[in-house]
Amino acid sequence: MPLVRIDALGADPDRLDALGRAVHDALVETIGIPSDDRFQILVGHDGTTSTLRYGDYFGVHRDDGIVYVAITLRAGRTPAQKQSLYQRIAELAHDYAGTEPRNVFVTLTENASIDWSLGHGVAQYAVQD
């Protein structure tokens, strides 16, 4: 059960939706999350009252098309699965939203089953373990 936050500069609701679909489809395809497991926070920044900062770190030239994707999920994916996920997010963000792959910045944060409550104040995954 990933929780996804996407922050994009100059993104209207259609672009945010396309980016959300791109990340969700990549998660389903590469790490096998259920198709109805979609929990996302989509935030557009106007560049004035809220903005995103970026640089050319690691020789990647980013611009105002920058998209930050932060995914929190339970631990257990292999490095190969993570690499496939990053690649597929970049591909689908380009296909669905026209975002240049160089502008797709992804970070994963892993945690344990006890770190999730999906409602009712219960740690549902911890109960199953």
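Everything discussed here concerns the structure shown above.
Note that the coordinates shown come from a computational prediction; the quantities given were computed from them, not determined experimentally.

Colleague: For this particular structure, what's the right way to read the overall build of the protein?
Modeller: Looking only at helices and strands, the protein has three helices and four strands in total. Written out in order from the N terminus, the α and β elements of the protein read β-α-β-β-α-β-α. Radius of gyration (C-alpha) of the protein: 15 Å, near the 14 Å computed for a compact globule of 129 residues. Taking the principal axes of the C-alpha coordinates as reference, the protein spans close to 45 × 35 × 25 Å. Of all 129 residues assigned to the protein, the portion counted as buried reaches 36%. In the protein, once contacts between residues fewer than 6 apart in sequence are set aside, the share between residues at least 24 apart is 70%. Of the roughly 7300 Å² of accessible surface on the protein, a fraction of 52% belongs to carbon and sulfur atoms. The protein carries 11 positive and 18 negative side-chain charges, and their two centres are separated by 3 Å.

Colleague: Quick question: what am I supposed to make of the packing of aromatic side chains here?
Modeller: Tallied over the entire structure, the rule returns two aromatic pairs. Relative to Phe 58, the ring of Tyr 57 has its centre 4.8 Å away and its plane inclined at 80°; by these criteria the two rings are edge-to-face. Like Tyr 57, the residue Phe 58 is exposed in the burial classification. A ring pair is formed by Tyr 68 and Phe 105, whose centres lie 5.1 Å apart and whose planes are at 70°; its orientation type is edge-to-face.

Reading the values: rules and limits
Residues numbered from 1 in each chain as written. Predicted model: local features only at pLDDT ≥ 70, side-chain atom pairs only at ≥ 80, totals over all residues. Heavy atoms only, no water. Helix = DSSP H or I, 4+ residues; strand = E, 2+ residues; numbered from the N terminus. Rg over C-alpha atoms; globule rule 2.2 N^0.38 Å. Buried < 20%, exposed > 50% of the residue type's maximum accessible area, 1.4 Å probe, protein only. Contact = heavy atoms within 4.5 Å. Areas by Shrake-Rupley, 256 points an atom, 1.4 Å probe, with all protein chains shown as cover. Lys, Arg positive; Asp, Glu negative; His and termini not counted. Charge placed at Lys NZ, Arg CZ, Asp CG, Glu CD. Phe/Tyr/Trp six-rings, centres within 6.5 Å; stacked < 30°, edge-to-face > 60°.

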